[in-house]
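Remarks on the overall topology
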Amino acid sequence: MKLYNTIKGILLDYNETAFVIDQPWDVLVNRNDLEGYLISKTKTAKQLTGAEKLEWLAIDTILPPISRQEVWAAGVTYLKSRDARMEESQSSGAASLYDKVYDAARPELFFKAAASRVAGHGQQVYIRKDSAWNVPEPELTLFINSKGSIQGYSVGNDMSSRSIEGENALYLPQAKIYEKSAAIGPCLYVSSAHIGGETAIKLNIKRNGAVIYNDATTVSRIKRSFDELVSYLYSECDFSYGCYLMTGTCLVPPGEFTLQVGDEVEISIDKIGTLVNTIALNPKHKP
Ligand code: DO4
Ligand code: MG
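Nothing here was measured: the structure is a model prediction, and the numbers come from that model.

1. What to know about the domain arrangement of the protein
As far as domains go, the protein holds domain 1 (2-63) and domain 2 (70-285). When each unit is reduced to the centre of its C-alpha atoms, the spacing between domain 1 and domain 2 is 26 Å. Every contact between the two is made by 16 residues of domain 1 and, on the other side, 20 residues of domain 2. Elements supplying a minimum of two residues to the side of domain 1 that touches domain 2: strand E1 (2-6), helix H1 (25-29), helix H2 (34-41) and strand E5 (62-63). Residues belonging to the side of domain 1 that touches domain 2 are distributed by class as follows: eight nonpolar, two polar and six charged.

2. Description of the site of ligand 1
Around ligand 1 sit Ala73, Gly75, Val76, Ser81, Arg85, Glu108, Glu137, Asp158, Leu172, Gly248 and Thr249, and those are all the residues in its vicinity. Looking at the shell around ligand 1, the elements that each hand over two or more residues are strand E6 (70-75) and helix H4 (79-88). Looking at the shell around ligand 1, its residues break down into three nonpolar, four polar and four charged.

3. Some remarks on H4
Turning to H4, its buried residues are Ser81, Arg82, Ala84, Arg85 and Glu88. At its buried positions, H4 is contacted by E6, helix H5 (95-103) and helix H6 (162-167).

4. A look at the environment of Ser240
Tracing the backbone through its elements, the reader meets Ser240 in the loop between helix H8 (226-234) and strand E17 (243-246). The exposure class assigned to Ser240 is exposed, which follows from the 11 C-beta atoms found within 10 Å. Considered as a pair, Ser240 and Asn145 are 95 residues apart in the sequence and their alpha carbons are 8.2 Å apart.

5. Some words on the nonpolar core
Counting 70 residues, the largest nonpolar core has Val71, Val118, Tyr244 and Leu245 as its most contacted members. If you tally residues by element for this core, the top one is strand E14 (residues 182-190), at seven residues. Composition of this core by domain shows at least three residues from each of domain 1 (2-63) and domain 2 (70-285). For Val71, the contacting residues outside a window of four places in its chain are Lys112, Ala113, Val118, Ala182, Ile184, Tyr244 and Met246.

6. What to know about the sheet that holds strand E16 (residues 210-218)
The five strands lie next to each other as E9-E19-E18-E15-E16, forming an open sheet whose pairing is mixed. Each edge of the open sheet is held by one strand with a lone partner, namely strand E9 (124-127) and E16. Across the sheet, the axes of successive neighbouring strands diverge by a mean angle of 25 degrees, strand direction being ignored. Bridge count for strand E15 (residues 200-207) against strand E18 (residues 264-269) is six bridges, and the pairing is antiparallel. Its bridge partner lying in E18, Ile201 is registered against Ile269.

7. Here we look at unusual backbone geometry
With an omega of -5 degrees, the peptide bond running from Gly185 to Pro186 counts as cis. As for its position among the elements, Pro186 is in strand E14. Positive phi values are uncommon outside glycine, yet Lys271 reaches one of about 75 degrees. Following the sequence through the fold, Lys271 ends up in the loop between E18 and strand E19 (273-281).

8. Comments concerning the environment of Thr278
Here Thr278 shows up in strand E19. Residue Thr278 is classed as partly exposed on the basis of its 15 C-beta neighbours within 10 Å. Thr278 sits 224 residues away from Leu54 along the chain, and the two C-alpha atoms are 22 Å apart. Contact partners of Thr278, with chain neighbours within four places excluded, come to Gln124, Gly262 and Glu264.

9. What about the pairing of E14?
Judged by how many residues are buried, E14 sits mostly within the fold: nine of nine residues are covered. Relative to E14, strand E8 (residues 118-119) runs parallel, the two sharing two bridges. The residue of E14 that forms the bridge with Ala119 is Ala183. Two strands pair when backbone bridges link them, and strand E12 (residues 150-158) and E14 are joined in this way by six bridges, in the antiparallel orientation.

What counts as what
Residues numbered from 1 in each chain as written. Chains lettered and ligands numbered in written order. Predicted model: local features only at pLDDT ≥ 70, side-chain atom pairs only at ≥ 80, totals over all residues. Domains from an automatic or database assignment. Contact = placed C-beta atoms within 7 Å. Helix = DSSP H or I, 4+ residues; strand = E, 2+ residues; numbered from the N terminus. Nonpolar A, V, L, I, M, F, W, Y, C, P; charged D, E, K, R; others polar. Near = placed C-beta within 6 Å. Buried ≥ 20, exposed ≤ 12 C-beta atoms within 10 Å, placed from the backbone. Core = buried A, V, L, I, M, F, W, Y, C linked by C-beta atoms within 7 Å. Pairing = 2+ DSSP bridges. Axes fitted to C-alpha atoms, helices over the stretch in contact; angles between N-to-C directions.

See the structure below:
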C-alpha cells in the first residue's frame, strides 16, 4: 500500500482504491504495524472517486512524504560508490578512507536533511553554484519509526557535489547538505515485508527530452543489512517522529558526467514507484 502526502491531505492507495486518512502525518506514520493500522482504517475512511484520486495525485499536488522526520544517509554501501569515491578523491589523498569504511564494522552515516530541505516528486532539486561536478544518487530509503522498526520505504535522491567532496573529504557536509539537495517520494510504500534483494533500482537522466544516462541494478548488491544500518543510526540518537535513512547509492554516472540546469532525473524502485525531479539553481543564490 502507498501513502501519499498531498496539499489536499493524506491519501492511502490500497487495492486500487484511494482513501482519505485524516490525521497529522507524524502521528499517523510513527507506529508499530503501520500496515495493519492502515488496513484497519480502510473500513471507515472516506473513499475517493477515480477522478478525485487523479486530482489528489496531480504532480503539483503531491508533497514529499515527510513532516518532522530527519533524513539521514548511509555511504559507501555499494562497491560502485566505493570505487567512484576512491577515483574522485585520488588527488586529495583521501581514497583509502572509502576503502576502509566499506570494510569496517561501523558504517558511514551522515545527517542529510531537515524536512524543509527535501523536495518531493515533480519538484526541483538544486545543484550548488560553486560546484562543477554534480550527480544524483538513487537510493532506496527506509522509513523507520521512533522505536527503530522499519515500517516503509521510499525512493530517495541524495544529490551530491563530486567536485567538493573530491577536493577534501572534510567538505562532505557541503557536498551533501544544501537547499533541496534531497528528494524523497513519490510516496511512502508501507509494507511489513522486507524489500528483497531482487528489487530493481533504475536511474534515467534526460536532457532536452533525450535520455543521456540510463542504468539499473538491484538491492542485492548492498554490502550491509538494513537492520545493521538502523542499529548504528539508533544506537545514540532518538527520533521522536521516526526518520528516513537513505541506504547509499548503487549507480554512479561515468566520471565525465555532470548534471545541468533543466535535466530531468527519474529514479524508479520496484513496488514503490518513480521519483522525478528537475535540476535547478537556487534562485535566491544565483550569482
Ligand atoms: O562517502 C561519501 C558519501 C557516500 C554516499 O553518499 C553514498 O555512497 O551514497
Ligand atoms: Mg549517497
